[in-house]
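One letter stands for each residue in the lines below.
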Protein chains: 4
Amino acid sequence: MAKKPWEGRFSEPTDEMVEAFSSSIHVDRRLYAQDIAGSVAHARTLNKAGVLSDEELKSLEAALSRVKKEIEEGNKFTWDPALEDIHMHVEERLRGMVGDLAGKLHTGRSRNDQVATDFRLYLKQEAGEVIRLLRRVRGALLDLAAAHMDCIMPGYTHLQRAQPVLAAHHFLAYYEMFFRDTRRFAQCLDRMDEMPLGSAALAGTTFALDREYTARELGFSRVCRNSMDAVADRDFCLEFASAASIAMIHLSRLCEEIVLWSSQEFGFLTLPDAFATGSSIMPQKKNPDVAELVRGKTGRVLGAMTALFTLLKSLPLAYNRDLQEDKEPMFDCADTVKACLAVMARMLPHLAMDRERCADAARKGFLDATDLADYLAAKGLPFRDAHHVAGRAVALAQEKGVELTGLSLAELQGLSDLVEKDVFGFLSLEAMVNRRATLGGTATGRVKEALAQARAELAAEGEGRA
Amino acid sequence: MAKKPWEGRFSEPTDEMVEAFSSSIHVDRRLYAQDIAGSVAHARTLNKAGVLSDEELKSLEAALSRVKKEIEEGNKFTWDPALEDIHMHVEERLRGMVGDLAGKLHTGRSRNDQVATDFRLYLKQEAGEVIRLLRRVRGALLDLAAAHMDCIMPGYTHLQRAQPVLAAHHFLAYYEMFFRDTRRFAQCLDRMDEMPLGSAALAGTTFALDREYTARELGFSRVCRNSMDAVADRDFCLEFASAASIAMIHLSRLCEEIVLWSSQEFGFLTLPDAFATGSSIMPQKKNPDVAELVRGKTGRVLGAMTALFTLLKSLPLAYNRDLQEDKEPMFDCADTVKACLAVMARMLPHLAMDRERCADAARKGFLDATDLADYLAAKGLPFRDAHHVAGRAVALAQEKGVELTGLSLAELQGLSDLVEKDVFGFLSLEAMVNRRATLGGTATGRVKEALAQARAELAAEGEGRA
Amino acid sequence: MAKKPWEGRFSEPTDEMVEAFSSSIHVDRRLYAQDIAGSVAHARTLNKAGVLSDEELKSLEAALSRVKKEIEEGNKFTWDPALEDIHMHVEERLRGMVGDLAGKLHTGRSRNDQVATDFRLYLKQEAGEVIRLLRRVRGALLDLAAAHMDCIMPGYTHLQRAQPVLAAHHFLAYYEMFFRDTRRFAQCLDRMDEMPLGSAALAGTTFALDREYTARELGFSRVCRNSMDAVADRDFCLEFASAASIAMIHLSRLCEEIVLWSSQEFGFLTLPDAFATGSSIMPQKKNPDVAELVRGKTGRVLGAMTALFTLLKSLPLAYNRDLQEDKEPMFDCADTVKACLAVMARMLPHLAMDRERCADAARKGFLDATDLADYLAAKGLPFRDAHHVAGRAVALAQEKGVELTGLSLAELQGLSDLVEKDVFGFLSLEAMVNRRATLGGTATGRVKEALAQARAELAAEGEGRA
Amino acid sequence: MAKKPWEGRFSEPTDEMVEAFSSSIHVDRRLYAQDIAGSVAHARTLNKAGVLSDEELKSLEAALSRVKKEIEEGNKFTWDPALEDIHMHVEERLRGMVGDLAGKLHTGRSRNDQVATDFRLYLKQEAGEVIRLLRRVRGALLDLAAAHMDCIMPGYTHLQRAQPVLAAHHFLAYYEMFFRDTRRFAQCLDRMDEMPLGSAALAGTTFALDREYTARELGFSRVCRNSMDAVADRDFCLEFASAASIAMIHLSRLCEEIVLWSSQEFGFLTLPDAFATGSSIMPQKKNPDVAELVRGKTGRVLGAMTALFTLLKSLPLAYNRDLQEDKEPMFDCADTVKACLAVMARMLPHLAMDRERCADAARKGFLDATDLADYLAAKGLPFRDAHHVAGRAVALAQEKGVELTGLSLAELQGLSDLVEKDVFGFLSLEAMVNRRATLGGTATGRVKEALAQARAELAAEGEGRA
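Residues numbered from 1 in each chain as written. Chains lettered and ligands numbered in written order. Predicted model: local features only at pLDDT ≥ 70, side-chain atom pairs only at ≥ 80, totals over all residues. Heavy atoms only, no water.

Q: Any chance you could explain the overall build of chain A here in plain terms?
A: Within chain A, the secondary structure is distributed over 20 helices and 4 strands. In terms of overall dimensions, chain A is more spread out than a globule: its C-alpha atoms have a radius of gyration of 31 Å, far above the 23 Å expected for 466 residues. Summarising its shape, the C-alpha atoms of chain A cover approximately 100 × 50 × 40 Å along the three principal directions. For chain A, with 466 residues in total, the buried portion stands at 71%. Taking the intrachain contacts of chain A between residues at least 6 apart in sequence as the baseline, contacts between residues at least 24 apart amount to 74%. Working note: accessible area of chain A is about 13600 Å², and carbon and sulfur atoms make up 49% of it. Here chain A holds 59 positive side-chain charges and 68 negative ones, and the gap between their average locations is 2 Å. (Helix = DSSP H or I, 4+ residues; strand = E, 2+ residues; numbered from the N terminus. Rg over C-alpha atoms; globule rule 2.2 N^0.38 Å. Buried < 20%, exposed > 50% of the residue type's maximum accessible area, 1.4 Å probe, protein only. Contact = heavy atoms within 4.5 Å. Areas by Shrake-Rupley, 256 points an atom, 1.4 Å probe, with all protein chains shown as cover. Lys, Arg positive; Asp, Glu negative; His and termini not counted. Charge placed at Lys NZ, Arg CZ, Asp CG, Glu CD.)

As structure tokens, this is what we get:
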């Protein structure tokens, strides 16, 4: 068994169950690439500070590169719970290769600043990936909008049909949400882009390390400004998890709608076979499993966020071992939000609304009631009165079992003598949609404008940050 | 690739990414034993109902037993993400062994009632295990109490020293918490002890299955009374997670105290080497890692609870695919609370309070101020006035840099002429502790009584339920 | 301004902002009745212990009764933030009435055990009220079931129509959930039914108080067994909040269904005008506001639960001021769950499903596919094959734009020669429902049985505990 | 009783309990100023669009101003639960003043975009206020740092003394946290700075409203780009609550330390009387109530965040009544974080660390062990070996009951012949602190630099945004 780094003073070995309980290697082995990159940068900085000779540096760089290769080739590297974490694994293997020089690499460094560095490197990458996936989802929504510029569907409030809208407009509402998510992740990424190395255990190090050089080597924009904060801070986890949770809320809303639209009752959407599953006992089912699973995974991401907040509550400075528990929820959070975005980006292009069912639904249920009120208001009736008249028209139509446009002119005039023949054209779906022509409204022209603007926006982001 | 059970009607194969996204086999393979036990019981019930012949039953039982063995032997069984879940894996392997008979086993059953049954079987076992571990922790606390009947330490409010208490009394406070936890888990276990099988997809089955027979076969006390509830309900998850979260809160409080007591400032406790770890850079440290990790894991269990509640919010009846997401948080919740209880049960017996440091702390900080007030009240001073005099005695002692018992009789009498020489004996640690002799108080006699009662209670639980 | 009880020793008055920040009287004044009841019981116990004379007791009882009356009459009592909390308010007013005797009442008591007692008394009452409301909701569901024994509707999985079920069966699924809730609250109530008084600040008291007498006076079943646990424990809050959260999850599911059913797309339900609101701009809307609000309030109760768990995490023993923050979330949690149950108990009796729309929906969407498979299986086809044939029948029917029963006998026989003329009767809604006759299934007879059993169960609970 | 706006079509009045249940006026009356400002801006926009004449506008402006005054004067305005919300209250009062013109003001507007506008206006103000308070807290921390540049205390990891640090450095760690909070709130504020008005119920309005004009009138930077998103979005709540929760985590950590430092065991801090409270039964206590309460309120803010996330999960577009439940958690969240920051900003300037106790603690517990290892490493011993020697030195010192510097030169040399006389100077507190001179380290020079940089940063923020 490997020697623990602190064993000099302990007279008793670690209890076996404690060892298993406190080992984190099954979790943090994921950070191997970041850990090795961090060690390479630290070695170079030690060399610059005169602690390591050029030869020692070269030897360490070569060995670290070999360790990485061994890990990546899988079967060559031995993982041992007794070696606690990824840092010890790398160091121990290094020792096998270069002997005592491995220990020298730990000069001016502690596992506290080392793990904080590894973790930030990892999450920066994850945040970048989330941003790329958000862009793909946004792109897919824009394509959907473009493909549904001619599809009129009911817009809902309280899940009651309210007013006709373009399906394109509906899809663009989700574009807005994911646009905000992109910005949030970009700012989160920017905020976590600070390097902890050089903070050592908590107080800084006695070696003259050029931290800005190390930061540049590792691709960090800045160094953490306070060594105690550097090892104690997990804001980057909390902020990432919050941003991820907000994005999941958006996905849960979209998925709820996909589930509704795929139901026989709505019938707005038939999922392509490749994106639905069947039932083992009910052959007729085409279940919107993907949407259901994404919706369900919302809980998981919110759970990870709760775990992280609870973890950090009331922890005194600087490092506490509790912090080891940050990794699993964080990994699960990032994995989940990425998987959900990826599968949505894949499924969205295959959605096609059933134009006929949508329009049919938009025609039924008195979605033109507001417009009748507007029609009357435009002719001078105070709005609240116009509203009242429209309400009575609905009641009359319901009584007769027709829609508003199924009432005769005479019947309508019986309710208000302001009604004229032009009311029927006024109440057509297209007219209703296109009359909502304020900035941000559902009128075709406005939606086209919005689509063009979003296309340009997305293109401008390119591969750069949001 | 294996055929999906619903493929008859689908013209397109499932998208690969969707398949990976929706597969749960990496998670639910844990339920293999429960799944196979459920299948055996179902086969017997089908046989009883005349659906399966005796020979068919025998053949299925033998095959299911072989599948189980293959899985347990590890390398013989092939796990394939395309086969979605544990139910399909078992069925597919069964088909390889017994052909179409495998399909016949699915008569009158759906994956909806099947997974609900597997999951309840699993959690019943976990709840039983948690109860056993809670009892071990309670036993360890009783032993600690017994061993610390002579250790007087400061009792704290607001983390300020308040009144001297027996360390035994302090440990018994935790016994009470874990006693309540035991009861909660026992009631939770009892409530989940209902069998879903026979509910099929959601409406019950057309085959004349004797559900009570199946329940007996599987060790369930009752059958679920409503088939829709049976497949939609996850109360047992929510309740288990809530009970686990409360238990973790208790552990977090105990661990917080272990961390405090192990600090150089308190110095009440020296952790045995086997239960502490060192620092790679600070050789003098003996870090209370176990306590910190358990405290940190509180977040994880609360996170799992949040995940489960969020998952279930607003789900219409009956089964929705979202429910697949119940397993990972639930498994992690159960694993974590078990691991934490087990490691605490292991560590607690090794704790030994430093009697001298404890008593010394109890002597400093005017913990006898209340008793001085009581002394005066006993001599007839109204309580609030007695309190006021005691306050001034503290101020005087602070000014002189002594404790209350360091003041001279004359000085005390200067504050109140009710003070007599007996005040000094009245204010000894032992006298103070033993005077708190109401039921539930810290007086040695009372604590002994409480310990004896708890011992009897724990013994009475035996291997039965709490 | 009133004197603080500890001012004897402090040389500086409390900072004004701190006073406002730490005052809790705006919240805990709700506990006035419990606080006064607790004081009466404590006074009697002090009298029994010889601390208060009979006359003093009489005088205190009379004065406490007057304080209560003043508070209840509203304008006579002065609330003053500087007096921190309800305990100080009552004591201060008492002092105005009986002078120093007011202080004497505080003998052997601390605000720590006092507030724990008040809070438990309050929550016991709230738990009782929740149980009564749960019973009303359950009763309403039973009435709904009785009224809908003839209403066949689609049962859903994945929000896809799956199999026809009795609406009565669907309502009884919710009965089961609220039945479990009733049991959970009853056990929670039982567990919190322990009295803290006599624990004083944390260590018990030096006065010979007969705690079991006090408990009887206050209607507690038992006394808290450990004084430190008594003042530090808030399990009763966590457990109440967990039980309330589970109940809210059930309500959120029911409300989600009411919202769906009230949509034009489903059209299963028309809300009575008295339980819907309209829109200021869309006169045709009948919004299911009550259901939406209850669903929304789920978040609030889960939020309260999170607040309480977070609050308690890592608090060392015994009392900490953080605990003051337990009241607002707890009050809000109890108020919310009570309001939601009450409004549902009021609304449910007015729901009436549209039998025609329900049956119509159950007839469309191939809900008989499973039964066709069962039909074939009953004729000897292996279940998986039968399933496959049924799948192809669905595909054929879809192609022809008909339901399964719209296919000709010849067409069905083209898929499997096992099909005979009796298939059409086999696939009628009633036949399908009544064939699911296993215990817990949707067959009319089973549902009637379940209803009768539930009626008896509810009646047996009577006014006693669940 | 007032007429509901939709009553035209309803034949039955709203159920009384439903009315009470769904009324929100007790909560949203807080938004009166925002609601009236929104109405004024909307009236001006309607005037610009030709819907209202100049005279009508003038009359509405005057009346709205009167309504506002009435509300602010308190007793003149009647609040009526039957009038549901603040919008109806203002409109109804307006109707009393200007008759039907009040209804006309509702042209092209819905309560959906109206409440979204009010709420954003309110939260923008709250975010601004939080930013100002964060700056005050940061300023107080800088002052504390400046005042404690000469105070050396133990830095902790695992709550074990680890290395000596400047108290100033410790305070600056918190400055960093609140600096990040400031940035987060500023970005949150910027993101919510978009105006919903003109989105009407969900689809935009048919009136030619100049939304950018309205936005300018109300001080919004931009208009919401999609009308459906505008009424459905509550990202601004989720993001505000997340940022507030992170800030509370920081406060909980700081308060935990204040509680620890105020304990008799640590003794680093004596709270000024004005910021502590006493105990009713233990006259000697000076309880850190403010810190405890702030720590406890962390739960409350996390609870509000949970409530909001849960609320929004799975809500389909666009407006749903569930959203009414956003206000109470949001108000409580903002109130709480503001109150906590304000009271901390008030208390922090009064904290004074006990230099002697701090230094004394830093001298005990082998905090110089790392430095001894560094000393040896600097003389050429490989770091891991140096660490090992230091560990043995600690063991020896413990055995002898002295600190490391209490060992004789000979004794040290017995462990390693690299030790020379200069070791004692090397291990003085000041030398140890000042040797940690990397960027971000605790060396006095570095801390002074950091303080100056922070001062400049805070000054530069001025009254502008962070």
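Resuming the write-up.
Q: I keep staring at the packing of aromatic side chains and nothing clicks. Help me out?
A: Both the distance between ring centres and the angle between the ring planes are used here to describe each pair of aromatic rings. A complete count under the given rule lists 40 aromatic pairs over all chains for this structure. Taken together, a centroid distance of 5.6 Å and an interplanar angle of 85° make the contact between Phe266 of chain C and Phe268 of chain C edge-to-face. Given the relative accessible area of 2%, Phe266 of chain C is considered buried. Ring centres of Phe185 of chain D and Phe240 of chain D lie 5.2 Å apart, and the angle between their planes is 80°; this geometry places the pair in the edge-to-face category. Taken together, the positions of Phe185 of chain D in helix 8 (residues 167-192) and Phe240 of chain D in helix 11 (residues 235-262) put the pair 55 residues apart, joining distant regions of the chain. (Phe/Tyr/Trp six-rings, centres within 6.5 Å; stacked < 30°, edge-to-face > 60°.)

Q: Would you mind going over the interface of chain C and chain B with me for this structure?
A: Interface size is often expressed as the accessible area that is lost when the parts come together. Every contact between the two is made by 105 residues of chain C and, on the other side, 105 residues of chain B. Interface area, chain C with chain B, both sides summed: about 9000 Å², of which 56% is carbon and sulfur. Broken down residue by residue, the surface that chain C buries against chain B is led by Arg225, Arg253 and Arg384 of chain C, which jointly contribute 10%. Here chain C is connected to chain B by 14 salt bridges. As a salt-bridge pair, Asp229 of chain B and Arg180 of chain C come within 2.9 Å of each other at their nearest N and O atoms. Put simply, chain C and chain B have 44 residue pairs in polar contact (both at pLDDT 80 or more) between them. The element best represented in the side of chain C that touches chain B is helix 8 (residues 167-192) of chain C, accounting for 14 residues. Here the residues of the side of chain C that touches chain B are counted per class, giving 40 nonpolar, 34 polar and 31 charged. (Buried area = accessible area lost by both parts, 1.4 Å probe. Salt bridge = Lys/Arg side-chain N within 4 Å of Asp/Glu carboxyl O. Polar contact = N/O pair within 3.5 Å; in protein donor to acceptor, adjacent residues only side chain to side chain. Nonpolar A, V, L, I, M, F, W, Y, C, P; charged D, E, K, R; others polar.)

Q: I tried to follow the relation of the copies chain D and chain B on my own but got confused; where do I start?
A: What relates the pair of chain copies is a rotation about an axis plus a shift along that axis. With an RMSD of 0.0 Å, the fit of chain D onto chain B corresponds to turning through 180° and sliding 0.0 Å along the axis. Such a combination of rotation and displacement between the chain copies is what one expects of a two-fold axis. Taking the C-alpha atom as reference, chain D places Glu265 of chain D closest to the rotation axis, 2.6 Å from it. Take the interface residues of chain D: 100% of them recur as interface residues in chain B, which is what a same-surface contact looks like. (Least-squares fit on C-alpha atoms with pLDDT ≥ 70 in both.)

Q: Is there a simple way to explain the interface of chain D and chain B in this structure?
A: Facing 43 residues of chain D, the contacting portion of chain B comprises 43 residues. Counting across the chain D and chain B interface gives 2 salt bridges. The tally of links between chain D and chain B comes to 17 residue pairs in polar contact (both at pLDDT 80 or more). For the side of chain D that touches chain B, the element with the most residues is helix 16 (residues 383-400) of chain D, which contributes 6 residues. Along the lines of polarity and charge, the residues of the side of chain D that touches chain B split into 18 nonpolar, 16 polar and 9 charged.

Q: When you look at the relation of the copies chain C and chain B in this model, what are you seeing that I'm missing?
A: Overlay of chain C on chain B (RMSD 0.0 Å): rotation 180°, translation along the axis 0.0 Å. Same-surface contact between copies: 100% of interface residues of chain C are shared with the interface of chain B.

Q: It is not clear to me how the nonpolar core should be interpreted in this structure. Could you clarify?
A: Inside soluble globular proteins, nonpolar side chains tend to come together where they are buried. Formed by 464 residues in total, the largest nonpolar core has its most connected members in Phe240 of chain A, Phe240 and Met344 of chain B, Phe240 and Met344 of chain C together with Phe240 of chain D. The contact partners of Phe240 of chain B, leaving out residues within four places of it in the chain, are Leu123, Glu126, Ala127, Val130, Phe185, Cys188, Met192, Met330, Cys333 and Ala334 of chain B. (Core = buried A, V, L, I, M, F, W, Y, C linked by side-chain atoms within 4.5 Å.)

Q: Even after reading the chapter, I still don't get the domain arrangement of chain A, so can you show me in this structure?
A: Residue and element names in this part refer to chain A. One can read the domain layout of chain A as domain 1 (18-107), domain 2 (112-355) and domain 3 (360-448). Between the C-alpha centres of domain 1 and domain 2 the distance comes to 31 Å. Taken residue by residue, the interface counts 25 residues in domain 1 and 21 residues in domain 2. The junction of domain 1 with domain 2 conceals about 2100 Å² of combined surface from both sides, 62% of it contributed by carbon and sulfur atoms. Contact with domain 2 buries area across many residues of domain 1, yet Arg30, Leu31 and Gln34 alone supply 28% of it, more than any other trio. Inspection of the domain 1/domain 2 interface yields 4 salt bridges. A salt bridge links Arg44 to Glu217; the nearest nitrogen and oxygen atoms lie 2.7 Å apart. At the surface where domain 1 touches domain 2, the tally comes to 9 residue pairs in polar contact (both at pLDDT 80 or more). When residues of the side of domain 1 that touches domain 2 are traced back to their parent elements, those giving at least two are helix 2 (25-28) and helix 3 (32-48). (Domains from an automatic or database assignment.)

Q: Help me understand the state of the cysteines in this model?
A: Working definition of a disulfide: a covalent bond connecting the sulfur atoms of two cysteines. Residue and element names in this part refer to chain D. For the structure shown, the criterion picks out 0 disulfides over all chains. Left unpaired, Cys151 is separated from the closest cysteine sulfur, that of Cys358, by 4.0 Å. Using a relative accessible area of 1% as the deciding quantity, one classes Cys151 as buried. Left unpaired, Cys224 is separated from the closest cysteine sulfur, that of Cys237, by 13 Å. (Disulfide = S-S within 2.5 Å.)

Q: Teacher, can you tell me more about unusual backbone geometry here?
A: Negative phi characterises most residues that are not glycine, and trans characterises most peptide bonds. Cis rather than trans, the peptide bond between Leu317 of chain A and Ala318 of chain A has omega equal to -5°. Among the structural elements, Ala318 of chain A can be located in the loop between helix 12 (289-312) and helix 13 (327-347). Even without being glycine, Glu84 of chain A reaches a positive phi, approximately 55°. Mapped onto the elements, Glu84 of chain A comes out in the loop between helix 4 (54-72) and helix 5 (86-98). Backbone geometry places Ser314 of chain D, a non-glycine residue, at a positive phi of 65°.

Q: Is there a simple way to explain the environment of Ala147 of chain D in this structure?
A: Residues and elements named next belong to chain D. The topology assignment puts Ala147 in helix 7 (residues 111-147). What makes Ala147 partly exposed here is its relative accessible area of 41%. Taking C-alpha positions, Ala147 is 9.3 Å from Ala167, a pair spaced 20 residues apart along the chain.

Q: Can you help me understand the pairing of strand 2 (residues 160-166) of chain B in this one?
A: As a general feature of sheets, a regular strand has side chains that alternate between the two faces. Residue and element names in this part refer to chain B. Counting buried residues in strand 2 gives 7 out of 7 residues, a clear majority hidden from the surface. Note: strand 1 (residues 152-157) against strand 2, 6 bridges, orientation antiparallel. In the sheet register, Ile152 faces strand 2, and the bridge partner there is Leu166. In this antiparallel pair of consecutive strands, strand 1 and strand 2, the connection spans 2 residues, and His158 shows a positive phi of 60°. (Pairing = 2+ DSSP bridges.)

Q: Is there a simple way to explain helix 12 (residues 289-312) of chain B in this structure?
A: Because an α-helix packs 3.6 residues into every turn, residues spaced three or four apart end up facing the same way. All names here are of chain B. The terminal C-alpha atoms of helix 12 lie 35 Å apart, and with 24 residues this matches the ideal 34 Å at 1.5 Å per residue to within 8%. Burial analysis of helix 12 places 24 of its 24 residues in the buried class, the great majority of the element. Of the residues trailing helix 12, Ser314 is marked for its positive phi of about 65°. (Expected span 1.5 Å × (residues − 1).)

Q: How should I be thinking about the pattern of salt bridges in this particular structure?
A: Oppositely charged side chains are able to pair whenever their charged atoms sit close together. Applying the stated rule across the entire model yields 200 salt bridges over all chains. Of the charged contacts in the structure, one is a salt bridge between Asp235 of chain C and Arg184 of chain B, with a shortest N-O distance of 2.8 Å. On the criterion of chain membership, the pair formed by Asp235 of chain C in helix 11 (residues 235-262) and Arg184 of chain B in helix 8 (residues 167-192) is interchain, its members lying in two chains. Each of the two residues, Asp235 of chain C as well as Arg184 of chain B, counts as buried. Glu176 of chain C is paired through a salt bridge with Arg225 of chain B; the nearest N and O atoms lie 3.0 Å apart. Of this pair, Glu176 of chain C sits in helix 8 while Arg225 of chain B sits in the loop between strand 4 (222-223) and helix 10 (227-232), placing the two residues on different chains. For Glu176 of chain C, a relative accessible area of 8% corresponds to the buried category. Salt bridges sharing common partners tie together Arg120, Arg191, Asp229, Asp233, Asp235 and Glu239 of chain A together with Arg180, Asp181 and Arg184 of chain D.

Q: I would appreciate a short explanation of the packing of helix 3 (residues 32-48) of chain C against helix 5 (residues 86-98) of chain C in the present structure.
A: When two helices pack together, their arrangement is given by the angle between the helix axes and by the axis-to-axis distance. Residues and elements named next belong to chain C. For the pair helix 3 and helix 5, interaxial distance at closest approach is 10 Å and the crossing angle is 60°. What the angle tells us is that helix 3 and helix 5 run oblique. Crossing of helix 3 against helix 5: the hand is right-handed. Every residue of helix 5 that contacts helix 3 at Tyr32, Asp35 and Ile36 is listed here: Ile86, His87 and Val90. (Axes fitted to C-alpha atoms, helices over the stretch in contact; angles between N-to-C directions. Parallel < 35°, antiparallel > 145°, perpendicular 65-115°, else oblique. Left-handed = near helix turned anticlockwise from the far one by under 90°.)

Q: I keep staring at helix 15 (residues 369-378) of chain D and nothing clicks. Help me out?
A: All names here are of chain D. Burial of helix 15 is extensive: 9 of the 10 residues sit out of reach of the surface. Within helix 15 the residues assigned to the buried category are Ala369, Thr370, Asp371, Leu372, Ala373, Asp374, Tyr375, Leu376 and Ala377. The inward-facing, buried residues of helix 15 contact strand 2 (160-166), helix 16, helix 17 (409-415), helix 18 (423-426) and helix 19 (429-435). Remark: Gly380 follows helix 15 within two positions and exhibits a positive phi of approximately 110°.

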